[in-house]
Amino acid sequence: MNRLTLAWRNVTRNRRRSILTGGIVVFGFAAFALAGGFMAQSFEGLRLSSIRSGLGHLQFADARAFRESEDATLAFGLQDAATLTERLAADPSVAVVMPRIEFVGLASAGRRSVPFLGLGVDPAAETRGSDIPATVTAGSWLPAGEARAVVLGAGLAQTLNTRVGGVLTLLSTTPEGTLNAVDAVVSGIADIRLKELNDRYLATRLTLVQELLDAPGVVSKISVLLREPAAEDEVAARLLAGLSDSGQQLAVKRWEELAPFYGQVRMLYLGIFGFMGLVLLVVVFLATVNATLMSVTERTREIGTLRALGARPRVIVSGFVVEGLLLAASACLAGSLLALIVSAVLNASGIVLPPPPGATRGFPIHVQFFPAAYLGAAFIMIASVTAASYFPARRAARAPIVEALAHV
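Residues numbered from 1 in each chain as written. Predicted model: local features only at pLDDT ≥ 70, side-chain atom pairs only at ≥ 80, totals over all residues. Heavy atoms only, no water.

Undergrad: Quick rundown of the overall build of the protein chain? Include the residues and the values.
TA: If you tally the helices and strands in the protein chain, you get 14 helices and 12 strands. By principal-axis analysis of the C-alpha atoms, the protein chain measures approximately 100 × 50 × 30 Å. Expressed as a percentage of the 408 residues in the protein chain, the buried residues total 45%. Of the contacts formed within the protein chain by residues at least 6 apart in sequence, a portion of 78% connects residues at least 24 apart. Accessible surface computed for the protein chain: about 20,800 Å², of which carbon and sulfur atoms make up 62%. Each charge sign in the protein chain was given a centre, from 36 positive and 31 negative side chains, and these centres are 19 Å apart. (Helix = DSSP H or I, 4+ residues; strand = E, 2+ residues; numbered from the N terminus. Buried < 20%, exposed > 50% of the residue type's maximum accessible area, 1.4 Å probe, protein only. Contact = heavy atoms within 4.5 Å. Areas by Shrake-Rupley, 256 points an atom, 1.4 Å probe, with all protein chains shown as cover. Lys, Arg positive; Asp, Glu negative; His and termini not counted. Charge placed at Lys NZ, Arg CZ, Asp CG, Glu CD.)

Undergrad: Report on the pairing of strand β8 (residues 201-205), specifying residues and quantitative values.
TA: Of all five residues in β8, five are buried; the element is thus mostly enclosed. As judged from the five bridges shared by strand β3 (residues 112-121) and β8, these two strands associate in the parallel manner. Bridging from a neighbouring strand, Gly120 pairs with Thr204 of β8. Pairing analysis gives three bridges linking strand β5 (residues 149-153) to β8, with the strands arranged antiparallel. (Pairing = 2+ DSSP bridges.)

Undergrad: Residue-level account of unusual backbone geometry, with values.
TA: Here the amide bond leading from Glu228 into Pro229 is cis, since omega sits at -5 degrees, within 30 degrees of zero. Mapping Pro229 onto the fold places it in the loop between β9 (221-226) and α8 (232-242). The phi dihedral of Leu142 falls on the positive side, at around 35 degrees, and the residue is not glycine. Its place among the elements puts Leu142 in the loop between β4 (136-139) and β5. Phi is positive for Asp214, close to 55 degrees, though the residue is something other than glycine. Considering the arrangement of structural elements, one finds Asp214 in the loop between α7 (206-213) and β9. The exposure class of Asp214 is exposed, given its relative accessible area of 51%.

Undergrad: Can you explain the pairing of β9? Please cite residues and give values.
TA: Across the six residues that make up β9, a large majority, six, are buried. Side chains Lys221, Ser223 and Leu225 of β9 all project onto a buried face; the interleaved residues Ile222, Val224 and Leu226 project onto the opposite face, where all are buried too. Alignment of strand β1 (residues 58-62) against β9, held across three bridges, turns out to be antiparallel. In the sheet register, Phe60 faces β9, and the bridge partner there is Ile222. In terms of strand pairing, strand β2 (residues 94-109) meets β9 through six bridges, oriented antiparallel.

Undergrad: Summarise the pattern of salt bridges; cite the residues concerned and give the values.
TA: Tallied over the full model, the rule gives 16 salt bridges. Taking the shortest distance from any N to any O, the salt bridge between Arg238 and Glu234 comes out at 3.9 Å. Taken together, the positions of Arg238 and Glu234, both in helix α8 and four residues apart, correspond to about one turn of that helix. Connected through shared salt-bridge partners, Glu232, Asp233, Arg254 and Glu256 make up one network. (Salt bridge = Lys/Arg side-chain N within 4 Å of Asp/Glu carboxyl O.)

Undergrad: Talk me through the nonpolar core; I want residue IDs and the actual numbers.
TA: Ranked by internal contacts, the top residues of the largest apolar core, which has 43 residues, are Val150, Leu152 and Leu170. Among the elements that take part in this core, β2 stands out by supplying six residues, more than any other. Residues contacting Val150, with those up to four places away along its chain left out, are Leu142, Leu168, Leu170, Ala184, Val185, Val186, Ser187, Gly188, Leu202, Ala203, Thr204 and Leu208. If you look at the next biggest cluster of nonpolar residues, it comprises 34 residues, including Ala30, Leu34, Tyr262 and Ala328. (Core = buried A, V, L, I, M, F, W, Y, C linked by side-chain atoms within 4.5 Å.)

Undergrad: Break down helix α11 (residues 300-308) for me, with residues and values.
TA: Of the positions making up α11, those classed as buried are Thr300, Ile303, Gly304 and Arg307. The buried residues of α11 occupy one face: seen down the axis, they fall within an arc of 100 degrees. Following α11 by one or two positions, Gly310 adopts a phi angle in the positive range, close to 110 degrees. (Arc of directions from axis to C-beta.)

Undergrad: Go over the packing of helix α2 (residues 15-55) against helix α10 (residues 260-298) with me, naming the residues and quoting the values.
TA: Contact geometry of α2 with α10 gives a least axis separation of 10 Å together with a crossing angle of 175 degrees. In terms of their interaxial angle, α2 and α10 are classed as roughly antiparallel. Taken together, the residues of the contact of α2 with α10 break down into 20 nonpolar, seven polar and four charged. (Axes fitted to C-alpha atoms, helices over the stretch in contact; angles between N-to-C directions. Parallel < 35°, antiparallel > 145°, perpendicular 65-115°, else oblique. Nonpolar A, V, L, I, M, F, W, Y, C, P; charged D, E, K, R; others polar.)

Undergrad: Please set out the packing of α2 against helix α12 (residues 313-349) residue by residue, giving values where relevant.
TA: It is at 7 Å that the axes of α2 and α12 come closest, and there the two elements cross at 45 degrees. Relative to α12, the element α2 lies oblique. The interaxial crossing formed by α2 with α12 has right-handed handedness. Across the interface between the two elements, Ser18, Thr21, Gly22, Val25, Val26, Phe27, Phe29, Ala30, Ala33 and Leu34 of α2 pack against Leu327, Ala328, Ala331, Cys332, Ala334, Gly335, Ser336, Leu338, Ala339, Val342 and Ser343 of α12. (Left-handed = near helix turned anticlockwise from the far one by under 90°.)

Undergrad: Which residues make up the packing of aromatic side chains, and what are the values?
TA: Two measures describe an aromatic ring pair: the distance that separates the ring centres and the angle between the ring planes. The tally for this structure, following the rule as stated, stands at six aromatic pairs. An angle of 40 degrees between the planes, with centres 5.9 Å apart, marks the rings of Phe43 and Tyr269 as tilted. Residue Phe43 is found in helix α2, and its partner Tyr269 is found in helix α10; the two are separated by 226 residues along the sequence. Given the relative accessible area of 27%, Tyr269 is considered partly exposed. For Lys253, the ring lying beneath its charged end belongs to Phe66, and the centroid distance is 5.5 Å. Across from the ring centre of Phe43, 4.7 Å away, lies the NZ or CZ of Arg266, which sits over that ring. (Phe/Tyr/Trp six-rings, centres within 6.5 Å; stacked < 30°, edge-to-face > 60°. Lys NZ or Arg CZ within 6 Å of the ring centre and 35° of its normal.)

Undergrad: Just give me the short version of the environment of Gly217, but keep the residues and values in it.
TA: Residue placement: Gly217 occurs in the loop between α7 and β9. Of the residues examined, Gly217 reaches a relative accessible area of 31% and is grouped as partly exposed. If sequence neighbours within four positions are ignored, Gly217 has contacts with Leu78, Gln79, Asp80, Ala81 and Gln210.

Right, dumping it as structure tokens:
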């Protein structure tokens, strides 16, 4: 009879204790794998939402715009934006090019005037490269043929007491410091997830903003959405080199450099996940030590008999360690099956989580299959059970043979 067979028989000899210990490992494994899958999905969702919020994978602007604040709107604007856009779009790695103008102003509807955060965009490019158009809940997103259409955040529309079809007057300051105004028509109302932005958001066409600011052909920045999987650093260097003869001091930044919130949330989740993993490790270790200690105590006379027959302590200890390995491995397989079933149920449940801080809407729960979490859980569970099996067995195997045989 080989060692594995003997170890498996010892595991199944006391089914109740083995099931109890294995159950702890199963649920510990499943909790670790599910938390890892949820964390991975949260990271991926936050990454995509950051990229498709208008940042893109890469963002090109005047080098000063990344270091300093503008004293006036478009003080660091990019000239001849149409040519820059065409050259960026010609690269095979580029999916969408989104020229943008960021500005501030005052929106007036009747007797009410409210400050807004304005965004001049190419409507077609934004539809393909941004998720903002999909948030329009009333009306439509800057329809073709309506050169003076604007889309308002729901909070801003409520403050202005206007609706789809309402007429607004937009006022802003040109780069030269003069005040200018244009008339616009509300074509849509968007429900932006961030409440602060929802209360101030206004989007319209680049041409209307350039008319308002008296800055034809100028944009604040150009966001670029790459084809996935995206080699961001390599493509950024290539695109920047291709624009080096434009006569402008261009610089490029990746989306992660422009989205510090992503890094902060990532570190928070990693801290929470690491703490939870440590707690699970301690729980599994203590439970397994207790079960193994009881097993070793019950088998003390058996250990003494084996020692009397010439078995070395390391052979006895290795037998208990193999039993722990078999129990942990089988429990990990059961735990992975449980995690897959629970994740499938959760993904199909349609449960919507509460809105995160600063947001106006929640999001449906989704647990991604994350192989690294399963491998990490298996390693942690097997290592803890093995260690918990080793120390009690080592102590019993080194006890005097006479005391072991006389143990009751």
